[in-house]
Structures are given as structure tokens and as C-alpha cells.
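Residue strings, one per chain:
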Amino acid sequence: MVTTQVALLDPEPTQDFNERSTGLLGRWEAGEITFESALESAEALLQEALREGRLANEARAHHVLGYLQNHRGSLSASIRHYERARLLFTQLGNTRRRAIIDLNQGENYRSKGNFQRARELYHAAYQTASSEGFLLLQTVAIANEGQTLLTLGQPEQALASLLEARELVTHLDAADPNVPGLRCEVHHVLALIYKALERYDEAWGEARAGVRMALDIRQPLQLGLANRAAGEVLMAMDKPPLGDFSTNPDEYFQAATDIFREINAEGEMARTVFSHSKSLARRGKRMTAARKLQQAMIIFTKLGMVEDAARAAETQLEILRSRV
């Protein structure tokens, strides 16, 4: 009886349960299963963990559900799942997985516009990862911090964070399935940072690298993000760059929108529609831009993405006043 109780309180999920959880997310990210199917399977995992009374398995299932709901854009649901996962992993003394939850929860608060809370969570994860030698987590934490700084209008500080992340990535195990997606992410975030700094040649180089890598690793989520970054860089450039890549921003925005719609990543789809609307307005297509903005605002409001909804409303006013 004591042995059973100890097993139920093991800080790590069972190997089989963890492999099924990881495989589920991998199949969804690869576009092999629909979001609805992934969500149903994750709920089944949670019910299995609850029946067996294994707290680490329960925490892992909440982690999976939080991750899925985050990318769908259901931030309140995602936050609830992550809070439960963090509580359980803390109770079990699993600092590595608690740090992972802090990272993911930071993304929720960044999307909701609570940047102070997001940075607190990234910093907590970075400190834990740094002190305990979790290099992958340390890399993700500093990359996420950089994205937050970019959103706050601090591109120089964001660049310092992403350059640190790029250096850390070179020391990661290439066989780790998380590494290719992280490398791709570093490229497309750097593209956006260089764009903000008006270093357009470097921005386009990073954007192309991100698209190429996303095509190679065949992860729809990363491919959508990379395409959106490429569209945003092209939107900012006065002259189209030379080379073998298309220089039509509409192609990249539409590709990203289609990908996010296919995997039911509503929040990312709305962000892409918003970016596309700004590109269209910049090129004088104000009516089309206004329609897309309305579409984005509806989704942002439904998902509780307050900061994004506010920015979309401000952009809509600017378009109506013919200032973009």
C-alpha cells in the first residue's frame, strides 16, 4: 500500500502517459489531427489520470489542455489549466515542469496584455532553468522575454534577448524534438526585431531563414508564424528585395491565415488578419483593410485578447481618418 501511494506521488508522469501526451501535441502541430480531435484526446487523458489518482499524470494532462487552449486563443481556459498543473507540480516538487508551466502561462498573460505578469513568469522560469541547468527552458524563457520587450516597443533590449537565445540554441541537443521549432522561432522573431529597428536587409534574411526552416521541419504552427513575419517585413520595406522568394506580402499573410485556420489557432489567425489589414491600408486598400480589421476585432474580443483588440480598434480609427 505504501509503494502504491509513493507511485501516485511520483513527481514525473509515467513514461507511457507522457509519450502519449507529447505524441498528441506533435500530431496536432504536424496537422495530422484536427484541433477538436486533439482536445477530445487530451480530455480523455485527464479523465484517465483522475481515475488512477496519479497527480503528475493529471498535471501533465492539464499542461496539454492549457497548451491547446492557448493556441486556440481561449486564454481564460488555458490559464485555469496551467494554474492547476503548476499547483500539482509544485506539490510534487517538480521544479523543471513548474518552470515550463510558468513559461507557458507567461504567454497567456502576454496575449492578454498583462506584460508585467508575463515578464515576472518568464523571469521566474529563467532563474529556475539557469540555476538548475535546464538549458532548453532557459533559451525559451529569454526568447519569450525578447518578444515581450518587442511588444512593449523596446526593440534594442529585445534584440539583446534574442541574440542570447540564438547563442543558447547552438548548445542544445539537435536530437531534441523541441529544438527545430525553437530555432525557427528565433529566426522569425529576429526578423520582426530587425524590422522594428529598420534594419530591413537583416530582417528579410531572418524572415527567409524562418520560412525555409519551417518548411523543412513541417510544423504548421511555426510555418504560419514564419509566413506572417515575412509578410510584416515586406510590408515595412519601401523597395521589394531581390532574390528567389516572392515579394508579395499578401501571399505570406494569406498562407499564414490558412494555416492557422486549418489548425484552429484562432488567436494567431486573428493576429495575422490584423497584420494583413495594416499592410493593405499602407498600400491604399482601405476598404479591404477595414473589413479585415473588423474580423480581427471580433475574434480578439471573443477570446479575451484585450491588448490586441485595443490595438485593432486604434488602427481602425487611423484608417478611417486616412492616416495609414
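Shown above is the structure to which this text applies.
All figures in this text were calculated on a predicted structure; none of them were measured in a lab.

Novice: Sorry, what's going on with the overall build of the protein chain here?
Specialist: Counting its regular elements, the protein chain contains 16 helices and 0 strands. Taking 324 residues into account, the globule formula puts the C-alpha radius of gyration at 20 Å, and the protein chain, at 20 Å, falls close to it. The principal-axis extent of the C-alpha atoms belonging to the protein chain is close to 70 × 40 × 35 Å. Burial status across the protein chain gives 53% buried among its 324 residues. Within the protein chain, contacts between residues separated by at least 24 positions form 63% of all contacts whose residues are at least 6 apart in sequence. When the accessible area of the protein chain is evaluated, it comes to approximately 14900 Å², of which 51% is carbon and sulfur surface. In the protein chain, 38 side chains carry a positive charge and 42 a negative one; their mean positions are 5 Å apart.

Novice: It is not clear to me how the side chain of Arg-60 should be interpreted in this structure. Could you clarify?
Specialist: Relative to the helices and strands, Arg-60 is located in helix α4 (residues 55–72). Buried Arg-60, no salt bridge; nearest opposite-charge side chain is Glu-12, N-O distance 7.3 Å. Sequence-distant contacts of Arg-60, defined by excluding residues within four places in its chain, comprise Pro-13, Phe-17, Asn-18, Ser-21, Thr-22, Phe-89 and Arg-97.

Novice: Is there a simple way to explain the packing of aromatic side chains in this structure?
Specialist: Applying the stated criterion across every chain yields a total of 5 aromatic pairs. For the ring pair Trp-28 and Tyr-67, a centre distance of 6.4 Å and an interplane angle of 90 degrees mean the geometry is edge-to-face. Here the residue Trp-28 occupies a position in helix α2 (residues 15–29), and Tyr-67 occupies one in helix α4, the gap between them amounting to 39 residues. The pair formed by Trp-28 and Tyr-67 is uniform in burial state, with each residue classed as buried. Each ring, one from Trp-204 and one from Tyr-252, has its centre 6.2 Å from the other, and the planes form 85 degrees; the classification is edge-to-face. Of this pair, Trp-204 sits in helix α11 (residues 200–217) while Tyr-252 sits in helix α13 (residues 249–262), and the two are 48 residues apart along the sequence. Through successive ring pairs, a cluster of aromatic residues spans Trp-28, Phe-35 and Tyr-67. Here the basic side chain of Arg-117 rests over the ring of Tyr-109, its NZ or CZ set 5.9 Å away from the ring centre. A cation over an aromatic ring shows up here: Lys-278 above the ring of Phe-274, its NZ or CZ 4.9 Å from the ring centre.

Novice: Can you walk me through the pattern of salt bridges in this structure?
Specialist: Between side chains of opposite charge, a pair can form when the charged atoms approach closely. In the structure shown here, the tally under the stated rule is 22 salt bridges. With a closest N to O distance of 3.3 Å, Arg-166 and Glu-206 form a salt bridge. With a gap of 40 residues between them, Arg-166 in helix α9 (residues 155–169) and Glu-206 in helix α11 connect regions that are remote in the sequence. Judged by relative accessible area, Glu-206 falls into the buried class, the value being 11%. For Lys-302, the salt bridge identified is with Glu-266, shortest N-O distance 2.7 Å.

Novice: Where do I start with the packing of helix α12 (residues 220–236) against α13 in this structure?
Specialist: For any two helices packed against each other, the geometry comes down to the angle between their axes and how far apart the axes lie. At a minimum axis distance of 8 Å, the contact between α12 and α13 shows a crossing angle of 155 degrees. With respect to α13, the axis of α12 lies roughly antiparallel. Helix-helix and strand crossings are classified by hand; for α12 and α13 the assignment is left-handed. Only Pro-249, Tyr-252, Phe-253, Ala-255, Ala-256, Ile-259 and Phe-260 of α13 make contact with α12, whose side of the interface consists of Pro-220, Leu-221, Leu-223, Gly-224, Leu-225, Asn-227, Arg-228, Ala-230, Gly-231, Glu-232 and Leu-234. Of the residues assigned to the contact of α12 with α13, the class counts are 13 nonpolar, 3 polar and 2 charged.

Novice: Where do I start with helix α5 (residues 75–92) in this structure?
Specialist: For an α-helix the count is 3.6 residues per turn, leaving residues at separations of three or four pointing the same way. Taking 1.5 Å of rise per residue, the 18 residues of α5 would be expected to cover 26 Å, and the 25 Å separating its terminal C-alpha atoms lies within 8% of that figure. Every buried residue of α5 is accounted for by Leu-75, Ala-77, Ser-78, Ile-79, His-81, Tyr-82, Ala-85, Leu-88, Phe-89 and Leu-92.

Novice: Please clarify how the environment of Val-169 should be interpreted in this entry.
Specialist: Counting through the fold element by element, Val-169 comes out in helix α9. Sequence separation between Val-169 and Arg-97 is 72 residues; the distance between their C-alpha atoms is 20 Å.

Novice: Got a minute to help me understand unusual backbone geometry in this structure?
Specialist: In this model, Glu-198 sits at a positive phi of 65 degrees, which is unusual for a non-glycine residue. Relative to the helices and strands, Glu-198 is located in the loop between α10 (179–196) and α11. Judged by its relative accessible area of 60%, Glu-198 is exposed. The backbone of Arg-218 sits at a positive phi, close to 55 degrees, despite the residue not being glycine. In this structure, Arg-218 sits in the loop between α11 and α12.

Novice: Please clarify how the environment of His-187 should be interpreted in this entry.
Specialist: For His-187, the location among the structural elements is in helix α10. Separated by 23 residues in the primary sequence, His-187 and Gly-210 place their C-alpha atoms 5.0 Å from one another. Once residues lying within four places of it in the same chain are set aside, the contact partners of His-187 are Glu-206, Ala-209, Gly-210 and Met-213.

Quick notes on the rules
- Residues numbered from 1 in each chain as written.
- Predicted model: local features only at pLDDT ≥ 70, side-chain atom pairs only at ≥ 80, totals over all residues.
- Heavy atoms only, no water.
- Helix = DSSP H or I, 4+ residues; strand = E, 2+ residues; numbered from the N terminus.
- Rg over C-alpha atoms; globule rule 2.2 N^0.38 Å.
- Buried < 20%, exposed > 50% of the residue type's maximum accessible area, 1.4 Å probe, protein only.
- Contact = heavy atoms within 4.5 Å.
- Areas by Shrake-Rupley, 256 points an atom, 1.4 Å probe, with all protein chains shown as cover.
- Lys, Arg positive; Asp, Glu negative; His and termini not counted.
- Charge placed at Lys NZ, Arg CZ, Asp CG, Glu CD.
- Salt bridge = Lys/Arg side-chain N within 4 Å of Asp/Glu carboxyl O.
- Phe/Tyr/Trp six-rings, centres within 6.5 Å; stacked < 30°, edge-to-face > 60°.
- Lys NZ or Arg CZ within 6 Å of the ring centre and 35° of its normal.
- Axes fitted to C-alpha atoms, helices over the stretch in contact; angles between N-to-C directions.
- Parallel < 35°, antiparallel > 145°, perpendicular 65-115°, else oblique.
- Left-handed = near helix turned anticlockwise from the far one by under 90°.
- Nonpolar A, V, L, I, M, F, W, Y, C, P; charged D, E, K, R; others polar.
- Expected span 1.5 Å × (residues − 1).

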